[in-house]
Amino acid sequence: MTTDHAAIDAQRVRLREKYLLPHRPSSSARGLHHFALISSDVERTIRFYQELLEFPLTEIFENRDYRGSNHFFFDIGNGNLLAFFDFPGLDLGPYQEVLGGLHHIAISVDPATWERLRGKLEMAGVPHQIESGASIYFKDPDGARLELLADHLGEMYGSRVM
């Protein structure tokens, strides 16, 4: 199967012309409250995110939708949270990247923190990939793909996206 890159490029131009407004209105949203993932091991997840990545655990309580399940949160800065559920007793299987599913979560950190966390990932033996000198891609203990990005919020590789 060959990919028609010219057609894809043409569609991107068409979409930009149709939907990127010259005067973007304000969003109806106040911000990302939390992004929720699934954890197979609560303590392992806490160690990974709090101890390795330095995202403080902010709360843990029972999930209102599934008795015995935990709902727990990490501070990822700027008033945003990364949340997790565990579902004891359900055989959910390993992480899978599927259409409509998670590709990765990109979290902005300052350059000095980026360097420190890169070193911690290396010391912990976490496989990772560095792209463009500003992104580190790696997986959490359950296989969710993460990116630590040394760009400011609203920027992507030096270009304003916000």
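Residues numbered from 1 in each chain as written. Predicted model: local features only at pLDDT ≥ 70, side-chain atom pairs only at ≥ 80, totals over all residues. Heavy atoms only, no water.

**Q** Would you take a moment to explain the overall build of the protein chain for this structure?
**A** Secondary structure summary: the protein chain contains three helices and ten strands in total. The order of α-helices and β-strands along the protein chain, N terminus first, is α-β-α-β-β-β-β-α-β-β-β-β-β. With respect to the three principal axes, the spread of C-alpha positions in the protein chain is 50 × 40 × 35 Å. Considering the protein chain as a whole, with its 162 residues, one finds that 29% of them fall into the buried category. Considering only intrachain contacts with a sequence separation of at least 6, the fraction spanning at least 24 residues in the protein chain is 46%. If you average the places of the 16 positive and of the 23 negative side-chain charges in the protein chain, the two averages end up 6 Å apart. (Helix = DSSP H or I, 4+ residues; strand = E, 2+ residues; numbered from the N terminus. Buried < 20%, exposed > 50% of the residue type's maximum accessible area, 1.4 Å probe, protein only. Contact = heavy atoms within 4.5 Å. Lys, Arg positive; Asp, Glu negative; His and termini not counted. Charge placed at Lys NZ, Arg CZ, Asp CG, Glu CD.)

**Q** How should I be thinking about helix α3 (residues 111–123) in this particular structure?
**A** Side chains of residues three or four places apart in an α-helix project in the same direction, reflecting 3.6 residues per turn. Across its 13 residues, α3 extends 18 Å between first and last C-alpha, which sits within 8% of the 18 Å expected from 1.5 Å per residue. Buried within α3 are the following residues: Thr113, Trp114, Leu117 and Leu121. Seen end-on, α3 carries its buried residues on one side only, within an arc spanning 100°. Among the exposed residues of α3, those oriented more than 90 degrees off its buried face are Pro111, Ala112 and Met123. Looking at the buried residues of α3, the elements they touch are α2 (42–52), β6 (128–131), β7 (135–139) and β8 (145–149). Between the side-chain oxygen of the N-cap and the backbone nitrogen of Ala112 there are 3.1 Å, and the N-cap of α3 in question is Asp110. (Expected span 1.5 Å × (residues − 1). Arc of directions from axis to C-beta. Polar contact = N/O pair within 3.5 Å; in protein donor to acceptor, adjacent residues only side chain to side chain.)

**Q** Whenever I open this one, the pairing of strand β5 (residues 105–108) confuses me. Can you help?
**A** Put simply, side chains in a regular strand alternate between the two faces of the sheet. Residues Ile105 and Ile107 point to one face of β5 and are all buried, whereas Ala106 and Ser108, pointing to the other face, are not buried. Of the pairings in the sheet, the one linking β5 to β8 comprises four bridges and is parallel in character. Residue pairing in the sheet places Ala106 in a bridge with Glu147 of β8. (Pairing = 2+ DSSP bridges.)

**Q** Which parts of the structure should I look at to understand the packing of aromatic side chains?
**A** For any two aromatic rings, the description comes down to two numbers: the centre-to-centre distance and the angle of the planes. Tallied over the entire structure, the rule returns eleven aromatic pairs. Summarising the aromatic geometry, the rings of Tyr49 and Phe84 are spaced 4.9 Å apart at their centres and angled 50° between planes, so their arrangement reads as tilted. One end of the pair, Tyr49, is in helix α2; the other, Phe84, is in strand β4 (residues 81–85), and 35 residues separate them in sequence. We note that Tyr49, like Phe84, is buried. The structure contains a cluster of three or more aromatic residues connected by ring pairs, namely Phe48, Tyr49, Phe55, Phe72, Phe74, Phe84 and Phe138. (Phe/Tyr/Trp six-rings, centres within 6.5 Å; stacked < 30°, edge-to-face > 60°.)

**Q** Which parts of the structure should I look at to understand unusual backbone geometry?
**A** One non-glycine residue with positive phi stands out, namely Asn78, at about 55°. Counting through the fold element by element, Asn78 comes out in the loop between β3 (70–75) and β4. Positive phi is not limited to glycine here, since Ser132 has a value of about 55°. Along the chain, the position of Ser132 falls in the loop between β6 and β7. Ser132 gets classed as exposed once you look at its relative accessible area, which sits at 60%.

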